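Below are the chains, spelled out letter by letter.
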Amino acid sequence: MSSLIEIILNGLITGSIYALVGSGIALVYGTTRVLNFAHGELIMIAGYLVLFFAVTLEMNVLLASALTLVLVGGIGALIQRATIAPLLARNDWAFQVIAATIGLSIALQSAAQLVWGEQFRTLPYFFNGVAAIGDIRMPWQRLAILGIAVLIMGICAFLLYRTPLGRMVRATAQDAEAALAVGIPSGLVHTAVFSISAVLAGAGAILLSPLVTVNPWMGVAYILKGLAVVILGGLGSFGGAVAAGFLLGMIESVGVAFAPTEWRDVIAFTFLIIVIWFRPNGLFAGREG
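Reading the values: rules and limits
- Along each chain, numbering runs from 1 in the same order as the chain's sequence is written.
- Where local features are concerned, this predicted model is filtered to residues with pLDDT of at least 70; where side-chain atom pairs are given and counted, the filter is 80 or more; whole-chain, interface and lining totals use all residues.
- The side-chain values count all of the structure's non-hydrogen atoms but skip hydrogen atoms and water molecules.
- Going along the chain from the N terminus, every DSSP run of H or I of four or more residues is numbered as a helix, and every run of E of two or more is numbered as a strand.
- For the radius of gyration, the atoms used are the C-alpha atoms, and the globule rule reads 2.2 Å times the number of residues raised to 0.38.
- Classification of residues uses two cut-offs on accessible area relative to the type maximum, computed with a 1.4 Å probe and protein chains only: under 20% is buried, over 50% is exposed, and between them is partly exposed.
- Here the Shrake-Rupley method, with its probe set to 1.4 Å, supplies the accessible areas, and only the displayed protein chains count as covering residues.
- The criterion used for residue contact is that any of the two residues' heavy atoms lie within 4.5 Å.
- Only the six-membered ring of Trp is used, alongside the rings of Phe and Tyr, when aromatic pairs are assigned; centres must lie within 6.5 Å, and planes under 30 degrees apart are stacked while those over 60 apart are edge-to-face, with the rest tilted.
- Residue-level confidence of the predictor, termed pLDDT, takes values from 0 up to 100.
- Just to be clear on terms, a salt bridge is a Lys or Arg side-chain nitrogen sitting within 4 Å of an Asp or Glu carboxyl oxygen.
- Patch members must show over 30% relative accessible area and no salt bridge, and they are joined within 9 Å when carrying like charges or within 5 Å when they are nonpolar side chains of Val, Leu, Ile, Met, Phe, Trp or Tyr.
- Any two strands with at least two DSSP bridges between them are considered paired.

### Considering the overall build of the protein chain
Broken down by element type, the protein chain carries eleven helices and two strands. Secondary structure elements in the protein chain, listed N-terminal to C-terminal, are α-α-α-α-β-β-α-α-α-α-α-α-α. Here the C-alpha radius of gyration of the protein chain, 19 Å, is about what a compact globule of 289 residues would show, namely 19 Å. When the backbone C-alpha atoms are referred to their principal axes, the protein chain occupies close to 60 × 50 × 35 Å. Taken across its 289 residues, the protein chain has 45% of its residues classed as buried. Here the protein chain displays about 13,700 Å² of accessible surface, and carbon together with sulfur accounts for 68% of that area.

Following this line, the structure appears as structure tokens:
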């Protein structure tokens, strides 16, 4: 029983990160119909920023995290205004946006290598110690990831469904031209959505940084898992991406309990292929926008 509970906890912890990353991608796609292939590099930038603030400048963890989220949110807004917005004004924008975000991803990776080098770095744990309940032992750092990730996604869901900004986002997602006609500034809404998406990516990076190495390529694996989550949940569905993120984390956790850890990605993407075969629109498509 203790082993089963640990498998479930590990699945939920991993899934919470996938949900953070995937929900940000889904939010952008649901509102703008843009797949941001540079989303993983926002994770990488946030990892380096929190490392700089918390380790190099020896700031308090909360202050370092807050500054990181503010800066990465601004970077997300800048990417939308400088790169995406001009392309969306064109008739043939779809392929151009894909090419632009892939190019931006490569450019940001190269810039990170120039600025920070190729060394792999780690942050110290924000929460020390191990929680023990009977035979179940779990580091407080990992439990904190789950709790904080759920809190952040809850706040994001509240903003999306219970605030004027959320109503504007959903109206723009349904019909940007009609929203503009009734006075909703769709361009600013798109910028806000990119910024929120970047903050979700940054939150994932902050939570991950004590457990994984910060390096110029750290976002690659998570953009792949994030895209898998978006496909599983149904393109553009925020709630679907959150649910799919936790589901994918559970699938991986159960899989590696019976197979070598190296099979983690094989298990995840095999599951994705099976789902696409039977439900091309995703598991939760049509249930939530």
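### Comments concerning the side chain of Thr-14
Along the chain, Thr-14 falls in helix 1 (residues 2-32). Thr-14 gets classed as buried once you look at its relative accessible area, which sits at 18%. Setting aside residues up to four positions removed in sequence, Thr-14 forms contacts with Arg-142, Gly-249 and Glu-252.

### Digging into the packing of aromatic side chains
Under the definition given, this model contains three aromatic pairs. Ring centres 4.1 Å apart and planes at 0° place the aromatic pair Tyr-48 and Trp-116 in the stacked group. Of the two residues, Tyr-48 sits in helix 2 (residues 39-56) while Trp-116 sits in helix 4 (residues 93-116), which places them 68 residues apart along the sequence. For the ring pair Phe-120 and Trp-217, a centre distance of 6.1 Å and an interplane angle of 40° mean the geometry is tilted. On the criterion of sequence distance, the pair formed by Phe-120 in the loop between helix 4 and strand 1 (130-133) and Trp-217 in the loop between helix 8 (186-208) and helix 9 (218-233) is long-range, its members being 97 residues apart. For Phe-120, a relative accessible area of 52% gives the class exposed. For Trp-217, a relative accessible area of 33% corresponds to the partly exposed category.

### Describing the confidence of the model for the protein chain
Caution is warranted with low-pLDDT regions, since their predicted coordinates should not be read in detail. With 98% of its residues at a pLDDT of at least 70, the protein chain reaches an overall mean of 90. Between the elements of the protein chain, mean pLDDT differs from a low of 83, seen in strand 1, to a high of 95, seen in helix 2.

### Details of unusual backbone geometry
A positive phi is found at Arg-33, a non-glycine position, where the angle reads about 65°. By the secondary structure assignment, Arg-33 is in the loop between helix 1 and helix 2. Positive phi outside glycine occurs at Glu-58, with the angle close to 55°. Within the fold, Glu-58 resides in the loop between helix 2 and helix 3 (61-88).

### Some details on the pattern of salt bridges
Counted by the stated rule, this structure contains three salt bridges. For Glu-252, the salt bridge is made with Lys-225, and the minimal N-O distance between the two is 2.7 Å. Here Lys-225 lies in helix 9 and Glu-252 lies in helix 10 (residues 238-258), a separation of 27 residues in the sequence. Per residue, the accessibility class of Glu-252 equals that of Lys-225, and both read buried.

### Some points on the environment of Ala-268
In this fold, Ala-268 is placed in helix 11 (residues 264-278). Remark: the alpha-carbon pair of Ala-268 and Gly-255, spanning 13 residues in sequence, is separated by 8.6 Å.

### As for a nonpolar patch on the surface
Nonpolar side chains collect at one region of the surface, where Phe-120, Trp-217, Val-220 and Leu-224 lie side by side and expose about 370 Å² of accessible area between them. Residue position: Leu-224 is located in helix 9.

### Observations concerning the pairing of strand 2 (residues 136-139)
Residue alternation in strand 2 divides its side chains into a buried set, Ile-136 and Met-138, and an unburied set, Arg-137 and Pro-139. Where strand 1 meets strand 2, four bridges bridge the pair, whose relative direction is antiparallel. Note that in strand 2 the partner of Val-130 across the bridge is Pro-139. Hairpin connection from strand 1 to strand 2: two residues lie between these consecutive antiparallel strands, with Gly-134 at a positive phi of about 65°.

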